[in-house]
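Remarks on the overall topology
Here is what each chain is made of, one letter per residue.
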Amino acid sequence: MAIRRIFSELRHSGVCRCFSSRRQDETTMNVFDRKAKRRQKNRAALAKDVAIYDYLKDEVAERVVDRITDIARYFSMALDLGCGRGHISKHLTKEQVGTLIMTDISENMLAQCQPCEFPTLKLAADEEFLPFAQNSFDLVVSSLSLHWVNDLPGTFRQIMHCLKDDGAFIGAMFGGETLYQLRVALQLAEIEREGGFAPHISPFAEVRDLGNLLTRSGFSLTTVDYDEITIGYPSIFELMHDLKGMGENNASWNRKTLLHRDTITAASSIYNEMYGLEGGGIPATFFVLYMIGWKPHESQQRAAPRGSATASFGDISSLNKSKK
């Protein structure tokens, strides 16, 4: 009955599809081509060696699950938003989760999620249009998916809507100066060879913005932190090949679809010259932003009302002396 209440058309096997044709609000910035991103992820999932590109997403997912474990609570109904190939579910246990709803914009990636030790249901759905009823989940989790969302505040509000009171949202997304080395190398190479440059790396959110967005969306007890993960690659060619294999190639509307061979050759030289590692190869830096927010409930801790203190900061030193 609980599953029917959450989404009445879910089936107990296979992959259901739910993509909304509803237009975005005219004030929403339309930065990413969501249809292109869906095609990129579906195409990446068809590769025979798709599993070898999971290393970064598996690592971040494990760090997200560590944050779930720190809460030390059992979540009877949970949602994995943008689950990819099941990077989070493979780290969760039946002691943590009762039933997990897994969603992704890519049907091919969703179909490759492996069975878990707890019940799961798969739903192909867009993170920008969640088809869930109010107060459906104890936990919503998302790992490395939300950086492709156009209307991030809108998605946060929808997550708040489908969470139960005192439910938790735990997410991770690329942000800040992710892949700044690649961005700089490509821009300098295009300026040198073509007399101008087009964006090849998607824009990312800043850590200082996430806390404000969560609070404005209604979340309480919010926390935001970040990791800096640097991975070594033999050259720029292997880096770009792996990004494509992850389904993380650029999906901005203003992306440049053609990169000339001499431009990328120049970019490789610039990358090596500016950032090359001492023993050979190049580094690629990923800034991963982590966020936690709670749907408000009367049982949660609250800040004391302004003016309710019984001692001032100026009295602290005298209070310590009196204790001695």
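Below you will find a few notes about this structure. (Residues numbered from 1 in each chain as written. Predicted model: local features only at pLDDT ≥ 70, side-chain atom pairs only at ≥ 80, totals over all residues. Heavy atoms only, no water.)

Overall, the coordinates contain 8 aromatic pairs when judged by the stated rule. Centroid distance Tyr 180 to Tyr 275: 5.9 Å. Interplanar angle 90°. Geometry classified as edge-to-face. Highlighted residues: Tyr 180 in helix 6 (residues 180–194) and Tyr 275 in helix 9 (residues 261–275), separated in sequence by 95 residues. Accessibility expressed as a relative area gives 29% for Tyr 180, which makes it partly exposed. (Phe/Tyr/Trp six-rings, centres within 6.5 Å; stacked < 30°, edge-to-face > 60°. Helix = DSSP H or I, 4+ residues; strand = E, 2+ residues; numbered from the N terminus. Buried < 20%, exposed > 50% of the residue type's maximum accessible area, 1.4 Å probe, protein only.)

Another aspect to go through is the pattern of salt bridges. Opposite charge on two side chains makes pairing possible when the charged atoms of those side chains draw close. Overall, the coordinates contain 13 salt bridges when judged by the stated rule. In this structure, the salt-bridge partner of Lys 90 is Asp 58, at a minimum N-O distance of 3.2 Å. Here Asp 58 lies in helix 3 (residues 55–71) and Lys 90 lies in the loop between strand 2 (75–81) and strand 3 (97–104), a separation of 32 residues in the sequence. Overall, the relative accessible area of 19% leaves Asp 58 in the buried class. As a salt-bridge pair, Arg 63 and Asp 227 come within 2.8 Å of each other at their nearest N and O atoms. Taken as a pair, Arg 63 in helix 3 and Asp 227 in strand 7 (residues 220–233) lie far apart in primary sequence, 164 residues in all. (Salt bridge = Lys/Arg side-chain N within 4 Å of Asp/Glu carboxyl O.)

Note: most peptide bonds trans; most residues except glycine with negative phi. Positive phi values are uncommon outside glycine, yet Asn 135 reaches one of about 60°. For Asn 135, the location among the structural elements is in the loop between strand 4 (120–125) and strand 5 (137–143). Phi angles above zero are rare outside glycine, and Leu 179 is one such case at about 60°. Take Leu 179: it is sitting in the loop between strand 6 (163–174) and helix 6. The class for Leu 179 is buried, based on a relative accessible area of 7%.

To continue, consider a nonpolar patch on the surface. A cluster of nonpolar side chains, Leu 188, Ile 191 and Met 274, forms an exposed patch at the surface whose accessible area comes to about 260 Å². Its place among the elements puts Ile 191 in helix 6. Its relative accessible area of 43% is what places Ile 191 among the partly exposed residues. (Patch = residues over 30% accessible without salt bridge, like charges linked within 9 Å, V, L, I, M, F, W, Y side chains within 5 Å. Areas by Shrake-Rupley, 256 points an atom, 1.4 Å probe, with all protein chains shown as cover.)

The next thing to look at is helix 9. Note on helix geometry: an α-helix contains 3.6 residues per turn, so any two residues three or four positions apart are oriented the same way. Taking 1.5 Å per residue, 15 residues should reach 21 Å; helix 9 reaches 21 Å between its end C-alpha atoms and fits that length. Where helix 9 is concerned, the buried positions are Thr 263, Ile 264, Ala 266, Ala 267, Ser 268, Ile 270, Tyr 271 and Tyr 275. In this structure, the buried residues of helix 9 make contact with helix 6, helix 8 (236–246) and strand 8 (282–294). (Expected span 1.5 Å × (residues − 1). Contact = heavy atoms within 4.5 Å.)

In this fold, Gly 281 is placed in the loop between helix 9 and strand 8. With 46 residues separating them in the primary sequence, Gly 281 and Ser 235 have C-alpha atoms 5.6 Å apart.

A few words now on the nonpolar core. Among the nonpolar cores identified, the biggest contains 52 residues, and Val 60, Leu 182, Tyr 271 and Phe 286 are the most heavily contacted of them. With 7 residues, the top contributor of residues to this core is strand 8. Those residues in contact with Leu 182, other than ones at most four positions away along the chain, are Ile 201, Ile 236, Leu 239, Met 240, Leu 243 and Tyr 271. Formed by 27 residues, the second largest nonpolar core is a distinct cluster that contains Ile 101, Phe 132, Leu 152 and Leu 213. (Core = buried A, V, L, I, M, F, W, Y, C linked by side-chain atoms within 4.5 Å.)

Most of helix 5 (residues 152–162) is tucked away: 8 of the 11 residues are buried. Among the residues of helix 5, those classed as buried are Leu 152, Gly 154, Thr 155, Phe 156, Gln 158, Ile 159, Met 160 and Cys 162. Summarising the contacts, the buried residues of helix 5 are in contact with strand 2, strand 5, strand 6, helix 7 (207–216) and strand 8.

Attention now moves to the state of the cysteines. Formally, a disulfide is one covalent bond, and it connects the sulfur atom of one cysteine to the sulfur atom of another. A complete count under the given rule lists 0 disulfides for this structure. In this model Cys 116 remains outside any disulfide bridge; the closest cysteine sulfur is found in Cys 113, 7.9 Å from its own. (Disulfide = S-S within 2.5 Å.)

The subject of this paragraph is the environment of Leu 100. Relative to the elements of secondary structure, Leu 100 occurs in strand 3. The class for Leu 100 is buried, based on a relative accessible area of 1%. In sequence terms Leu 100 and Leu 121 are 21 residues apart; their C-alpha atoms lie 6.5 Å from each other. If we skip the residues at most four places from it in the chain, Leu 100 touches Ala 78, Leu 79, Asp 80, Ser 89, Leu 92, Phe 118, Pro 119, Thr 120 and Leu 121.

Next up on the list: the packing of helix 8 against helix 9. To characterise two packed helices, one gives the angle between the axes of the helices and the distance between these axes. At a minimum axis distance of 9 Å, the contact between helix 8 and helix 9 shows a crossing angle of 110°. In this view, helix 8 runs roughly perpendicular relative to helix 9, as classed from their interaxial angle. Residue-level inspection shows Ile 236, Phe 237, Leu 239 and Met 240 of helix 8 in contact with helix 9, the latter providing Ile 264, Ala 267, Ser 268 and Tyr 271. Here the contact of helix 8 with helix 9 is composed, by residue class, of 7 nonpolar, 1 polar and no charged. (Axes fitted to C-alpha atoms, helices over the stretch in contact; angles between N-to-C directions. Parallel < 35°, antiparallel > 145°, perpendicular 65-115°, else oblique. Nonpolar A, V, L, I, M, F, W, Y, C, P; charged D, E, K, R; others polar.)

Now for the side chain of Ser 145. Examined against the element boundaries, Ser 145 turns out to sit in the loop between strand 5 and helix 5. A relative accessible area of 3% means that Ser 145 is categorised as buried. Residues in contact with Ser 145, not counting those within four places in the same chain, are Leu 81, Gly 82, Glu 127 and Ala 172.

No statement about biological role is implied by the geometric values presented.
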